Amino acid sequence: MGYVKDRFKEIADIQSQEIKNLIAQHGETKVGDVTLAQVYQGMRGITGLVTETSLLDSNEGIRFRGFSIPELRDRLPKAEGGNEPLPEGLFYLMLTGQVPTQEDVEHISATWARRSHVPNHVFDVIESFPVSSHPMTQFCAAILALQTESKFAKAYEEGISKKQYWDFVYEDSMTLIARLPRIAAYIYRRKYKNGEHIQPDGMLDWSANFAHMLGFNDDGFKELMRLYLTIHADHEGGNVSAHATHLVGSALSDPYLSFTAGMTGLAGPLHGLANQEVIRWIEELQKELGTDRPTKEQIAQYIKDTLAAGKVVPGYGHAVLRKTDPRFTAQMEFAKKHCPDDATVQTVWNVYEVAPAILESTGKIKNPWPNVDAHSGSLLKHYGLVEEDFYTVLFGVSRALGVLASLCWDRALGFPIERPKSITTEWAKQFVAKN
Ligand code: FCX
């Protein structure tokens, strides 16, 4: 791993100096005003974080180090015979800011394969849960159990200098990413396939090996995994999973502890769990009407019923985005190529045709367009991964790439503990009375 790590450090040192200069010259420049409404309403729109790995534009969607999803699909290295980007390449890009060569990507694949061995006690922790436990609960517990392996925690205890933090956080992050597919696949096979586990194949890339351990050897599914694990990796820093990882990491909790925090946040239905909710919502619709191909009129009524019941339409809306999520579009393109006639995929497309106008007509939903979660379940289901409560685990494996690359940056740049100011309503009332 030596040379990727050295390259990262070299680039991070330059960036660190640039930040010092920026703060020295412009540290007092205002980047925004904060209203009382923002303080009460989820800090929406307040600029208060630095996340180097990606940037979200409300109309254009996500850019990773300046590259949009179509650009990444075009430019990142592919597996032999494949058309979708290898997530190893995205990780390299997020970490270094540079587009990787095929060799860089193979290097990362090989490193992760080498480090993928999961200690037995982690499996024991998973086994101690009832099989009925939600996969995300088992996943979070397993990551926490892996914390015994933290090189950062050990080095900190031994008394390292602040200047070395990044090095151990980097090592922990690489090892953690390497082990996640094995943990996730273990949970899947335990819960849904009678505990018949499949050993890793170290010759495969990270995504293909994951697909193999899950028990899916179809080339189309491997391609889907490469795309899926790429597009879910990062969505700038303010979303719950990224922010939680960053926040906990700022207390110098090691990458295992920090990433667990991110994953417990991803497990919420307004965040990563929405992918599970979407497929349940569609399946309920299909069941209620007794057809797997409901008409647009039937879908429209179902959306109105959902809203009238005071529930959210899962997969629609976003705190930042104001247009169709390009991650949705990328999956739609994949589906057009690989499974255009699939009944659930077609239902997803029909929902897309009718939902935005209905959501818009409520007058309160700021973004009536689909997000990443609106499409992913239908693709997984097409290839036979039908157990929707596992979907968020897949999201989590991917999200590790972005939030852990960011954690490396946090420590390389020496970011301090995060500690924003909070107020009471009593304080707010007195403040407005005085102003
Ligand atoms: N269906 C019904 N109502 C919705 C809605 C939806 N899809 N999206 C927003 N609303 C409602 C909100 O609940 C809120 O209602 P309230 O005023 O009665 O509390 C109102 O519209 C204004 O919310 P808005 O400002 O548009 O949205 P927020 O930034 O507060 O919330 C999320 C953003 C994503 C949480 C919201 O749109 C939602 O709940 N969507 C459905 C769940 C979902 O798909 N989540 C995944 C998001 C993402 F892609 C991810 O993290 O994975």
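Residues numbered from 1 in each chain as written. Predicted model: local features only at pLDDT ≥ 70, side-chain atom pairs only at ≥ 80, totals over all residues.

K.L.:
Just checking my understanding: could you explain the overall build of the protein for this structure?
P.N.:
Across its full length, the protein carries 20 helices and three strands. For the protein, the C-alpha radius of gyration of 22 Å lies close to 22 Å, the compact-globule estimate for 435 residues. Looking at the protein residue by residue over its 435 residues, the buried ones come to 46%. Long-range pairs, those at least 24 residues apart, make up 75% of the contacts in the protein with a sequence separation of at least 6. (Helix = DSSP H or I, 4+ residues; strand = E, 2+ residues; numbered from the N terminus. Rg over C-alpha atoms; globule rule 2.2 N^0.38 Å. Buried ≥ 20, exposed ≤ 12 C-beta atoms within 10 Å, placed from the backbone. Contact = placed C-beta atoms within 7 Å.)

K.L.:
Got a minute to help me understand helix α12 (residues 240-250) in this structure?
P.N.:
An α-helical turn contains 3.6 residues, so a residue and the one three or four places further along point in the same direction. Within α12, eight of the eleven residues are buried, leaving the element largely enclosed by the surrounding structure. Of all the positions in α12, only Ser241, Ala242, His243, Ala244, Thr245, His246, Val248 and Gly249 are classed as buried. Where α12 is buried, its residues meet α13 (255-266) and α19 (391-412). Among the residues trailing α12, leucine 252 stands out with phi positive, at a value near 65°.

K.L.:
Just checking my understanding: could you explain the sheet that holds strand β1 (residues 54-57) for this structure?
P.N.:
Each strand in a sheet pairs with another by means of backbone hydrogen bonds, the pair being arranged parallel or else antiparallel. Taken in spatial order, the three strands line up as β1-β2-β3 in an open sheet, and their pairing is antiparallel. Bordering the open sheet on either side are β1 and β3 (67-68), each of which pairs with just one other strand. Across two bridges, strand β2 (residues 61-64) lies against β3 in antiparallel orientation. What sits directly across from phenylalanine 64, in β3, is phenylalanine 67. (Pairing = 2+ DSSP bridges.)

K.L.:
Could you clarify how one ought to interpret the site of the ligand in this entry?
P.N.:
If you check the shell around the ligand, you find 21 residues, and the closest are Ala274, Gly317, Ala319, Lys366 and Asn371. Within the shell around the ligand, the residues separate by chemical class into ten nonpolar, eight polar and three charged. (Near = placed C-beta within 6 Å. Nonpolar A, V, L, I, M, F, W, Y, C, P; charged D, E, K, R; others polar.)

K.L.:
Would you take a moment to explain the packing of helix α8 (residues 151-158) against helix α9 (residues 165-192) for this structure?
P.N.:
When two helices pack together, their arrangement is given by the angle between the helix axes and the distance between those axes. Packing of α8 against α9 leaves a shortest axis separation of 8 Å and a crossing angle of 155°. When the axis of α8 is compared with that of α9, the two are roughly antiparallel. Contact residues: Lys151, Phe152 and Ala155 in α8; Phe168, Val169, Glu171 and Asp172 in α9. Residue classes in the contact of α8 with α9 are distributed as four nonpolar, no polar and three charged. (Axes fitted to C-alpha atoms, helices over the stretch in contact; angles between N-to-C directions. Parallel < 35°, antiparallel > 145°, perpendicular 65-115°, else oblique.)

K.L.:
What should I look at first to understand the packing of helix α16 (residues 326-338) against helix α18 (residues 373-382) in this one?
P.N.:
The contact between α16 and α18 brings their axes to 8 Å, and the two run at 30°. By the angle class used here, α16 and α18 are roughly parallel. When you trace α16 past α18, the crossing you get is left-handed. Within the contact between the two elements, α16 uses Phe328, Gln331, Met332, Phe334 and Ala335 and α18 uses Ala374, His375, Ser376 and Leu379. Here the contact of α16 with α18 is composed, by residue class, of six nonpolar, three polar and no charged. (Left-handed = near helix turned anticlockwise from the far one by under 90°.)

K.L.:
Hey, could you run me through helix α15 (residues 296-308) in this one?
P.N.:
An ideal rise of 1.5 Å per residue puts 18 Å on 13 residues; α15 measures up with 18 Å between its terminal C-alpha atoms. Among the residues of α15, those classed as buried are Ile299, Tyr302 and Ile303. Projected onto a plane normal to the axis of α15, the buried residues spread over an arc of 100° and lie on a single side. Across from the buried face of α15, at angles greater than 90 degrees, the exposed residues are Glu297, Asp305 and Ala308. Those residues of α15 hidden inside the fold are in contact with α14 (274-289) and α17 (343-361). (Expected span 1.5 Å × (residues − 1). Arc of directions from axis to C-beta.)

K.L.:
Would you explain the pairing of β2 in this entry?
P.N.:
A regular strand carries its side chains on alternate faces of the sheet. The sheet contact formed by β1 and β2 spans four bridges and is antiparallel. Among the inter-strand pairings, aspartate 57 is bridged to a residue of β2, identified as glycine 61. Counting the residues that bridge the hairpin from β2 to β3 gives two residues, and of these arginine 65 lies at a positive phi of roughly 50°.

K.L.:
Any chance you could explain the environment of valine 131 here in plain terms?
P.N.:
Relative to the assigned elements, valine 131 resides in the loop between α6 (120-127) and α7 (135-145). Note on valine 131: 13 C-beta atoms within 10 Å, which makes it partly exposed. For the pair valine 131 and isoleucine 187, spaced 56 residues apart in the sequence, the C-alpha separation amounts to 9.0 Å. The residues contacting valine 131, other than those within four sequence positions of it, are Arg190 and Lys191.

K.L.:
Just checking my understanding: could you explain unusual backbone geometry for this structure?
P.N.:
Both trends apply: most residues other than glycine have a negative phi, and most peptide bonds are in trans. You will see that methionine 43, though not glycine, has its phi angle at about 55°, which is positive. Mapping methionine 43 onto the fold places it in the loop between α2 (36-40) and β1. In this structure, asparagine 194 takes a positive phi of about 55° despite not being glycine. You can see asparagine 194 is positioned in the loop between α9 and α10 (206-214).

K.L.:
Before we go on, may I ask you to explain the nonpolar core in this structure?
P.N.:
One recurring pattern in soluble globular proteins is that nonpolar side chains are buried together. Formed by 113 residues in total, the largest nonpolar core has its most connected members in Phe139, Leu404 and Cys408. Among the elements that make up this core, the one with the highest residue count is α9 (15 residues). Apart from residues no more than four positions distant in its own chain, leucine 404 is found in contact with Ser173, Leu176, Ile177, Pro255 and Phe259. (Core = buried A, V, L, I, M, F, W, Y, C linked by C-beta atoms within 7 Å.)

K.L.:
I'm lost on the environment of tyrosine 165 in this one. Help?
P.N.:
By secondary structure assignment, the location of tyrosine 165 is in helix α9. Residue tyrosine 165 is classed as partly exposed on the basis of its C-beta count, with 19 C-beta atoms lying within 10 Å. A sequence separation of 248 residues divides tyrosine 165 from leucine 413, and the C-alpha atoms of the two residues are 10 Å apart.

K.L.:
Sorry if this is basic, but what is going on with the confidence of the model for the protein here?
P.N.:
Per-chain confidence: the protein averages 97 in pLDDT, with 100% of residues scoring 70 or above. With a pTM of 0.97, the predicted complex shows an ipTM of 0.99. (pLDDT = per-residue confidence, 0-100.)

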